[in-house]
Amino acid sequence: VRQNCRALEVVAGRSSIHHNGFAKVVLSRGSGWSLRLHVWTPWIDVADDDVNPHGHRWAFASWIITGTLRETRFDVAHQGRQFYRYAYRGSSLEDGTARPTGTVSLVEVEEVDRVAGTVYQRTGFEVHTAQPCTDLVATLVLHGEGGETTEVFKRPGEPIEEGEQPLSVAELTTLLDEVLAALR
């Protein structure tokens, strides 16, 4: 991809900067699957407390290819931190695809630092957050076929974020160069 101008344009056109603070680079996709490169880098700015616990519309496996990623898993509980729950479809809570479904309490059940070379997997129903522990983190994510909606949890009083930002060819090139340099 890095050496092919047309491939860079195609991949950039279906990729974005996610409001949870990483670049979502859709490398390839087919019927019922997608292969993505997720990259956390200092020039993509997000505050630690802006990352929302969330599920996914599909099961996935994630291979940490560089850096360290802290994953925190949550369970619904009678006592815990209060969140608004949304049934969510699409790439933005603001684009009219999020439907509030009530409030819920969540408790942290596991926190794991996932280092380069490790692979982990999640079902679409497991609730987690993922945050970088190092300046550059890159993961390859393979996901399968899934449902139409997933759950996203927001703290009371938290604003609904803006939609995902498009990823330019220049930004994609910079990201790929950073990841390739880290792997050398």
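Look up: the structure comes first, before these words.
Residues numbered from 1 in each chain as written. Predicted model: local features only at pLDDT ≥ 70, side-chain atom pairs only at ≥ 80, totals over all residues. Heavy atoms only, no water.

S.K.: Any chance you could explain the overall build of the protein here in plain terms?
M.R.: Along the backbone of the protein there are two helices and eleven strands. Ordered by position from the N terminus, the helices and strands of the protein form the series α-β-β-β-β-β-β-β-β-β-β-β-α. In terms of C-alpha radius of gyration, the protein reaches 16 Å, essentially the compact-globule figure of 16 Å for 184 residues. By its C-alpha atoms, the protein is 50 × 35 × 30 Å across when sized along the principal axes. (Helix = DSSP H or I, 4+ residues; strand = E, 2+ residues; numbered from the N terminus. Rg over C-alpha atoms; globule rule 2.2 N^0.38 Å.)

S.K.: In this structure, what is going on with the sheet that holds strand S3 (residues 33–40)? I would like to understand it.
M.R.: The strands making up a sheet are joined through hydrogen bonds of the backbone, oriented either antiparallel or parallel. Strand order across the open sheet formed by seven strands is S7-S4-S9-S3-S2-S1-S11, with antiparallel pairing between neighbours. Either end of the sheet is taken by a strand with one partner, and the two such strands are strand S7 (119–122) and strand S11 (165–166). Where strand S4 (residues 58–66) lies against strand S9 (residues 137–146), seven bridges are found, and the strand directions are antiparallel. Considered in S9, the bridge of Ser62 is made with Val141. Across the sheet, helix H2 (residues 169–183) is in contact with strand S1 (16–18), strand S2 (22–30), S3, S4, S9 and S11; its angle to S4 comes to roughly 60°. (Pairing = 2+ DSSP bridges. Contact = heavy atoms within 4.5 Å. Axes fitted to C-alpha atoms, helices over the stretch in contact; angles between N-to-C directions.)

S.K.: Explain helix H1 (residues 5–13) here, please?
M.R.: Side chains that are three or four residues apart share a direction in an α-helix, a result of its 3.6 residues per turn. Within H1, the full set of buried residues consists of Leu8, Val11 and Ala12. Down the axis of H1, the buried set is contained in an arc of 100°. They therefore lie on one face. Among the exposed residues of H1, those oriented more than 90 degrees off its buried face are Arg6 and Gly13. Buried positions along H1 lie against S2 and H2. (Buried < 20%, exposed > 50% of the residue type's maximum accessible area, 1.4 Å probe, protein only. Arc of directions from axis to C-beta.)

S.K.: Is there a simple way to explain the environment of Glu164 in this structure?
M.R.: Tracing the backbone shows Glu164 in the loop between strand S10 (150–154) and S11. On the basis of relative accessible area, Glu164 is assigned to the buried category, the value being 16%. Sequence separation between Glu164 and Ser15 is 149 residues, and the spatial gap between their C-alpha atoms is 9.3 Å. Separated by 3.5 Å, the side chains of Glu164 and His18 make a polar contact. (Polar contact = N/O pair within 3.5 Å; in protein donor to acceptor, adjacent residues only side chain to side chain.)

S.K.: I keep staring at the pattern of salt bridges and nothing clicks. Help me out?
M.R.: Close approach of charged atoms allows side chains with opposite charge to pair. Under the defined criterion, the tally for this structure stands at 14 salt bridges. Among the ionic pairs, Glu126 bridges to Arg122, the shortest N-O distance being 3.5 Å. When the shortest N-O distance is used, the salt bridge between Arg155 and Glu158 registers 2.9 Å. Considered together, Arg155 and Glu158 belong to a single accessibility category, that of buried residues. (Salt bridge = Lys/Arg side-chain N within 4 Å of Asp/Glu carboxyl O.)

S.K.: Would you take a moment to explain the layout of surface pockets for this structure?
M.R.: By rolling a water-sized probe across the atoms, one finds the places where empty space is left. Estimates place the volume of the largest pocket at around 620 Å³. Those elements giving two or more residues to the lining of the largest pocket turn out to be S1, S2, S3, S4, strand S5 (68–88), strand S8 (127–132), S9 and S10. (1 Å grid on protein atoms, 1.4 Å probe; cavity = no way out; pocket = protein on both sides within 12 Å on 5 of 7 lines; lining within 4 Å. Points joined across faces, edges and corners; volume = space filled by probe spheres on them.)

S.K.: Can you walk me through the pairing of S2 in this structure?
M.R.: Pairing analysis gives three bridges linking S1 to S2, with the strands arranged antiparallel. Counted as the bridge partner of His18 is Phe22 from S2. Taking the residues between adjacent antiparallel strands as the criterion, S1 and S2 are bridged by three residues, where Gly21 takes a positive phi near 95°. Here S2 runs beside S3; their pairing, made up of seven bridges, is antiparallel. Bridging across to S3, Ser28 finds its partner in Leu35. Once S2 ends, the chain turns through two residues before running back antiparallel as S3, passing Gly32 with a positive phi of about 85°.

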